[in-house]
Amino acid sequence: MKNQAAAVARQRRRWINAINCGSAENLVEVVTDDVVWLPSRSDAVVGKKEIRDWLAGPFRMYDYNYTVSELRLRVAGDWAIELARFETVVSTGDDEPLPSHRGSYIVLWRRYPVDRWLIERYVDLSAQFTDVT
């Protein structure tokens, strides 16, 4: 379990570095081909190409400082579920700060050969939810 948690942590660092470097190409290297990304403010984004296209514009226009905290991870065989808090601070090229975005997320990781963990599902929990009663 410890080795698997360390392998997930390495992939998480690659994911965060890709965001902070503004590299949609590097980010899609840590997701599955059929990834489903559920952002808080838009419809689901499905697939590597769609993720790359969705992020390319914002990554060109803004600088990102994405951080995570309060990480919790459960490894279950070839699957792992991660729950954490995040904060995204965005600025323009001249360091003009824009409103930050913070909340929690859930990531479902899937293990592939040689302990290569990839994001299969991402859910931003800061989205507006509707009560169902």
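Treat the numbers as computed from the prediction; the structure is a model and nothing was measured. (Residues numbered from 1 in each chain as written. Predicted model: local features only at pLDDT ≥ 70, side-chain atom pairs only at ≥ 80, totals over all residues. Heavy atoms only, no water.)

Student: Would you take a moment to explain the sheet that holds strand β1 (residues 31-38) for this structure?
Tutor: Pairing between sheet strands relies on hydrogen bonds along the backbone, with the strands arranged either parallel or antiparallel. If you trace the six strands from one edge of the open sheet to the other, you get β2-β1-β6-β5-β4-β3, paired in mixed fashion. Pairing within the sheet leaves two strands with one partner each, and these edge strands are β2 (45-46) and β3 (63-76). Pairing of strand β4 (residues 79-91) with strand β5 (residues 101-112), which is carried by ten bridges, proceeds in the antiparallel orientation. Of the residues in β5, the one forming a bridge with Ala 84 is Tyr 105. Together, β1, β3, β4, β5 and β6 (116-124) form the strand contacts of helix α1 (residues 2-21), whose direction differs from that of β3 by roughly 160°. (Pairing = 2+ DSSP bridges. Helix = DSSP H or I, 4+ residues; strand = E, 2+ residues; numbered from the N terminus. Contact = heavy atoms within 4.5 Å. Axes fitted to C-alpha atoms, helices over the stretch in contact; angles between N-to-C directions.)

Student: Hey, could you run me through the pairing of β6 in this one?
Tutor: Side chains on a regular strand alternate between the two faces of the sheet. By the bridge criterion, four bridges tie β1 to β6 in an arrangement that is parallel. In the strand pairing of β6, Val 36 is matched with Arg 121. In terms of strand pairing, β5 meets β6 through eight bridges, oriented antiparallel. Each bridged residue has a counterpart across the sheet, and for Tyr 112 the counterpart in β6 is Arg 116. The turn joining β5 and β6, which pair antiparallel and follow one another in sequence, is formed by three residues; a positive phi near 60° is taken by Val 114.

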